[in-house]
Amino acid sequence: MGDRLSPKQLIGAVLALALMIVAAFVGKALYDRVSDSYVVERKDDGSAVTKVVRATFTPASSLKVGALSGNVQATASDTRLAGVLTSDRVVKAPFSVDYFVDVSRLRERDYRYDPDTRTLVIDAPDITLGAVNVDEARRTLSETRGLFVTRGAMDKLDQRVSAAAQASAEAEAKKPERIAQARDNARRALAQLLTGPLEAAGVADPRIVVTFPHERVGAQDWDRTRTVEQVLGNAR
């Protein structure tokens, strides 16, 4: 009986076990991160290999409503040894940015139908941007200037010029006129998506109005007597 653990000791043992499990998971995540980002995988002869280190599939239910593409010019500079060594780099490369509407966020309350005018109003979520893709593998210009560019300076120049290209392309994609273009195309895309089902359900020549959050302040309160399910079901 003297070997039995007291309640306090039992709680301490459980907590210690829980901490060990948490530490194991944290350690595994840290190891994976270091391995993915910093450890060079090599062949038996010691040469580095080109391979996908980690890939994760993420489900999505966003409707692509537009894409912006073009070419971006980016510059970067580096200074070392108290200004003795200066260098700069400029690149030009194609870029692309996609625009989406996350239709998974639409709920029944976001649809309003007016049977008198056969108008379906959709309160859509706003446009979102996908990841900016600067295709440096297809760059059309790459210039580096400097009396003596060290390996460390070149690494910094590459990082800074890539970040500058990403930032410039993203700023262009976020301009109000670009977002307006994406919203206009989203209206057309959502209208095309729902016109067919409505017509198949017996709603002749339906009118579909798509609104975005900034447009709904003080908007008209449409008739909510029929749900989208009733309209698509041709309820009377």
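Residues numbered from 1 in each chain as written. Predicted model: local features only at pLDDT ≥ 70, side-chain atom pairs only at ≥ 80, totals over all residues. Heavy atoms only, no water.

### Section: the nonpolar core
With 36 residues, the main nonpolar core has Tyr99 and Ile127 as its most contacted residues. At the level of secondary structure, the elements contributing two or more residues to this core comprise strand E1 (62-80), strand E2 (85-102), strand E4 (119-123), helix H2 (151-173), helix H3 (176-200) and strand E8 (207-211). In this view, Ile127 contacts Val65, Tyr99, Phe100, Val101, Ala182, Arg183, Ala186 and Phe212; residues no more than four positions away in its chain are not counted. (Core = buried A, V, L, I, M, F, W, Y, C linked by side-chain atoms within 4.5 Å. Buried < 20%, exposed > 50% of the residue type's maximum accessible area, 1.4 Å probe, protein only. Helix = DSSP H or I, 4+ residues; strand = E, 2+ residues; numbered from the N terminus. Contact = heavy atoms within 4.5 Å.)

### Details of empty space enclosed by the protein
The final tally for this structure, using the stated rule, is one cavity of 30 Å³ or more. Lining the largest cavity are Asp78, Arg80, Leu85, Thr86, Ser87, Phe148, Val149, Thr150 and Ala153. For the lining of the largest cavity, the secondary-structure elements that each account for two or more residues are E1 and E2. The greatest single-element share of the lining of the largest cavity, amounting to three residues, is contributed by E2. Classifying every residue of the lining of the largest cavity gives four nonpolar, three polar and two charged. (1 Å grid on protein atoms, 1.4 Å probe; cavity = no way out; pocket = protein on both sides within 12 Å on 5 of 7 lines; lining within 4 Å. Points joined across faces, edges and corners; volume = space filled by probe spheres on them. Nonpolar A, V, L, I, M, F, W, Y, C, P; charged D, E, K, R; others polar.)

### A word on the sheet that holds strand E3 (residues 111-114)
Taken in spatial order, the three strands of this open sheet run E3-E4-E8, and their pairing is mixed. Across the chains shown, the open sheet's two edge strands, defined by having one partner strand only, are E3 and E8. Adjacent strand axes in the sheet meet at a mean angle of 20° when their direction is disregarded. The sheet contact formed by E3 and E4 spans four bridges and is antiparallel. Its bridge partner being in E4, Asp114 is matched across the sheet by Thr119. (Pairing = 2+ DSSP bridges. Axes fitted to C-alpha atoms, helices over the stretch in contact; angles between N-to-C directions.)

### Quick notes on the pattern of salt bridges
In total, this model carries 13 salt bridges according to the counting rule given. Its salt-bridge partner being Asp123, residue Arg112 comes within 2.2 Å of it at the nearest N-O pair. Taken as a pair, Arg112 in strand E3 and Asp123 in strand E4 lie far apart in primary sequence, eleven residues in all. A residue is classified by how much of its surface remains accessible, and Arg112, at 6% relative accessible area, is buried. A salt bridge links Asp126 to Arg183, with the nearest nitrogen and oxygen atoms 2.8 Å apart. Residue Asp126 is found in the loop between E4 and strand E5 (128-129), and its partner Arg183 is found in helix H3; the two are separated by 57 residues along the sequence. (Salt bridge = Lys/Arg side-chain N within 4 Å of Asp/Glu carboxyl O.)

### Digging into H2
End to end, H2 covers 33 Å across 23 residues, agreeing with the expected 33 Å (1.5 Å per residue, within 8%). Within H2, the full set of buried residues consists of Ala153, Leu157, Val161, Ala165, Ala169, Glu172 and Ala173. On its buried face, H2 sits against E1, E2, E5, strand E6 (133-134), strand E7 (141-146) and H3. (Expected span 1.5 Å × (residues − 1).)

### Some remarks on the side chain of Thr211
Of note, Thr211 is situated in strand E8. Take Thr211: its relative accessible area is 14%, and that puts it in the buried class.

### Things to note about H3
With 25 residues, H3 ought to run about 36 Å at 1.5 Å a step, and its terminal C-alpha atoms sit 37 Å apart, in line with that. The principal kink in H3, of about 30°, is found at Leu194, preceding the proline Pro197 by one to four residues. Listed as buried for H3 are Ile179, Ala182, Arg183, Ala186, Ala189, Leu190, Ala191, Leu194 and Leu198. Positive backbone phi, approximately 100°, marks Gly202, located one or two places after H3. (Bend = angle between axes of the 7 residues up to and from the residue.)

### Describing unusual backbone geometry
Positive phi values are uncommon outside glycine, yet Ala82 reaches one of about 55°. Examined against the element boundaries, Ala82 turns out to sit in the loop between E1 and E2. Residues other than glycine seldom take positive phi values, yet Arg118 does so here, at roughly 55°.

### Some remarks on the side chain of Glu172
Its location among the elements puts Glu172 in helix H2. Polar contacts involving the side chain of Glu172 include one to the side chain of Lys175, which spans 2.8 Å. In this structure, Glu172 is in contact with Leu68 and Arg178, ignoring residues within four places of it in sequence. (Polar contact = N/O pair within 3.5 Å; in protein donor to acceptor, adjacent residues only side chain to side chain.)

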